[in-house]
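If you want the building blocks of each chain, they are given just below.
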Amino acid sequence: MVAKRIVPCLDLTDQGVVKGVHFRHLRQMGDPLELARRYEREGADEVVLLKVDAWRGRGLSPKLLARTSRELSIPLTVGGGVGSVEQAEELLSAGADRVSFNSLALERPQVLTEAADRFGRQAVVLAIDAHREGRGPATVYARGGTLREGWSAAAWAKEGERRGAGEVLLTSIDRDGTHRGYDLPLLRAVRRSVRIPIMASGGAAGPRSFFDAFENAGADAALAAGIFHRGECTVGEVKDYLSSRGIEVRR
Amino acid sequence: MKVTLLRTPAGNFGRLRRGLERERARVDERSPREVTGNERAVVLAGVSSFTTLSRSLAPARSTLRRMVEAGVPLMGVCAGMQVLFGSSEEGPGRGLDLLSGRVRRLRARRVPNLGWSRLARTDGEGRRLMEGVAEGSYAYFAHSYRVPALAQGAATTTEYRGEDFPSALEHGNLWGLQFHPEVSSSTGTKVLRNFIAYAEEASR
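Definitions and limits used
- Residues numbered from 1 in each chain as written.
- Chains lettered and ligands numbered in written order.
- Predicted model: local features only at pLDDT ≥ 70, side-chain atom pairs only at ≥ 80, totals over all residues.
- Heavy atoms only, no water.
- Buried < 20%, exposed > 50% of the residue type's maximum accessible area, 1.4 Å probe, protein only.
- Helix = DSSP H or I, 4+ residues; strand = E, 2+ residues; numbered from the N terminus.
- Pairing = 2+ DSSP bridges.

Enquirer: Just to check I follow, could you spell out the pairing of strand β1 (residues 5-13) of chain A for this structure?
Expert: Residues in a regular strand project their side chains so that they alternate between the two faces of the sheet. Residues and elements named next belong to chain A. For β1, a buried count of 9 out of 9 residues is recorded, marking the element as mostly surrounded by other parts of the structure. A two-sided burial pattern is seen for β1, the buried positions comprising Arg-5, Val-7, Cys-9, Asp-11 and Thr-13 on one face and Ile-6, Pro-8, Leu-10 and Leu-12 on the other. Sheet analysis places β1 next to strand β12 (residues 221-224), joined by 4 bridges and oriented parallel. Among the inter-strand pairings, Val-7 is bridged to a residue of β12, identified as Leu-223. Pairing analysis gives 4 bridges linking β1 to strand β4 (residues 47-51), with the strands arranged parallel. Paired with Leu-12 across the strands is Lys-51, a residue of β4.

Shown next, in the form of structure tokens:
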């Protein structure tokens with residue numbers, strides 16, 4: 001069995017680690033290196049570094065990435081404003097294990113294929129930011145949730161898989177920072193449309209949210225930021241809970 | 001201990017390099033063309049496809065084969081383990097053929113196998129490689145293909161969706177890991193340390 005992954009996420013701006021609500025009202029959360037180290041000690045299975053403001057400015061600093069990667073002996077996935085396959089290659093050689101594509105993949109879906117051919121599917125993550133209007137299916141947004149695209153999340157995930165993505169990082173903009181739990185219907189819809197692993201994101205409130213994403217929506221990994229940064233719960237506590245409820249996690 | 005890490009395309013040998021350095025190896029990074037045959041220990045990184053990797057190793061193929069025969073420690077990681085075999089379903093290319101058999105795709109429809117899975121020890125095998133690593137330890141995998149079952153030398157096997165595959169092998173001086181030791185937390189650290197210690201002894 002593959003253990004379910006608990007993945008702390010560091011949302012970065014030029015000012016450091018931040019956390020907001022619905023992708024806005026960003027607040028400072030601390031030093032990325034220190035947080036990453038703490039999460040590995042607590043038992044995190046992977047760390048995600050996302051440069052959340054890259055679409056309007058600078059991308060992830062290779063120097064910061066190299067420093068973080070040197071400190072960690074667990075996988076590191078990075079993303080945010082990745083603008084080309086060459087840039088992805090730079091990030092991989094600076095110490096990332098996997099690179100996530102979002103806006104660029106929407107503009108030029110073939111980058112997923114190019115990246116998969118070059119680095120292998122397992123290194124290519126398709127990040128999808130989804131927002132639901134009314135009762136319809138969640139639709140996909142680019143550029144940090146500011147630009148509406150024509151795709152439903154499920155259809156875009158399927159297309160991304162066909163093009164070469166090895167995992168979907170699925171974020172609910174509606175749930176981001178709200179403590180309302182992951183968007184389970186959104187996860188289920190994407191689960192039905194792809195075979196590659198899915199990482200749930202947006203809305204984690206506590207250990208129970210992780211359980212629901214794994215047990216009731218078929219997620220393979222679940223990402224959280226605020227609850228870990230603020231110390232509302234630790235990765236270890238989430239794992240204790242999951243394990244007590246019969247979910248396999250790495251101990 | 002000096003360990004030669006072969007520079008092959010798109011490998012995340014950056015992280016593997018740092019993993020080896022953390023265990024006090026002096027890492028000598030060189031391309032397959034630069035392999036002389038005098039290296040003391042060799043590591044093949046591999047976040048790559050069988051075809052790409054076998055093509056890039058072609059200039060060093062006969063030298064590497066000769067070195068392994070002469071007892072030089074060589075460890076292949078992920079696709080670097082797969083390329084120790086002759087061929088792969090993944091695509092054309094001639095492996096190093098140091099072990100016989102063909103690399104196959106995992107049976108499950110849902111691939112890649114991505115994430116942390118357990119290592120199950122095989123009786124009496126892999127004593128050096130697995131020294132200090134507890135039965136059932138977790139390691140990080142990211143792959144869609146697997147090496148064939150081995151008559152001997154499978155240090156560990158791992159299960160993915162009902163299929164058992166060799167996840168670490170130790171054939172004397174020839175070692176292979178399907179998982180990524182550089183990101184497998186303390187389990188990976190121990191395996192890297194074991195390889196360096198073995199290489200040190202072998203080069204005395």
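So much for the structure itself; the text now carries on.
Enquirer: When you look at the sheet that holds strand β5 (residues 87-88) of chain B in this model, what are you seeing that I'm missing?
Expert: The strands that make up a sheet are held in pairs by hydrogen bonds between backbone atoms, and each pair lies either parallel or antiparallel. All names here are of chain B. Within the open sheet, the 3 strands sit side by side as β5-β6-β10. Their pairing is mixed. For this open sheet the edge positions go to β5 and β10 (145-146), each flanked by a neighbour on one side alone. Inspection of the sheet shows β5 paired to strand β6 (residues 102-105) by 2 bridges, in the parallel sense. By the bridge assignment, Ser-87 is partnered in β6 with Arg-102.

Enquirer: Please explain unusual backbone geometry as it appears in this structure.
Expert: Trans peptide bonds make up the majority, and among non-glycine residues the majority have a negative phi. Cis rather than trans, the peptide bond between Val-111 of chain B and Pro-112 of chain B has omega equal to 5°. Mapped onto the secondary structure, Pro-112 of chain B falls in the loop between β6 and β7 (113-118). The backbone phi angle of His-179 of chain A is positive, close to 65°, even though this residue is not glycine. Turning to its location among the elements, His-179 of chain A is positioned in the loop between β10 (167-172) and α7 (184-193). Residue classification places His-179 of chain A among the partly exposed residues on the basis of a relative accessible area of 35%. In the Ramachandran plot, Asp-97 of chain B falls in the positive-phi region, its phi being about 60° despite a non-glycine side chain. The residue Asp-97 of chain B is located in the loop between β5 and β6 in this model.

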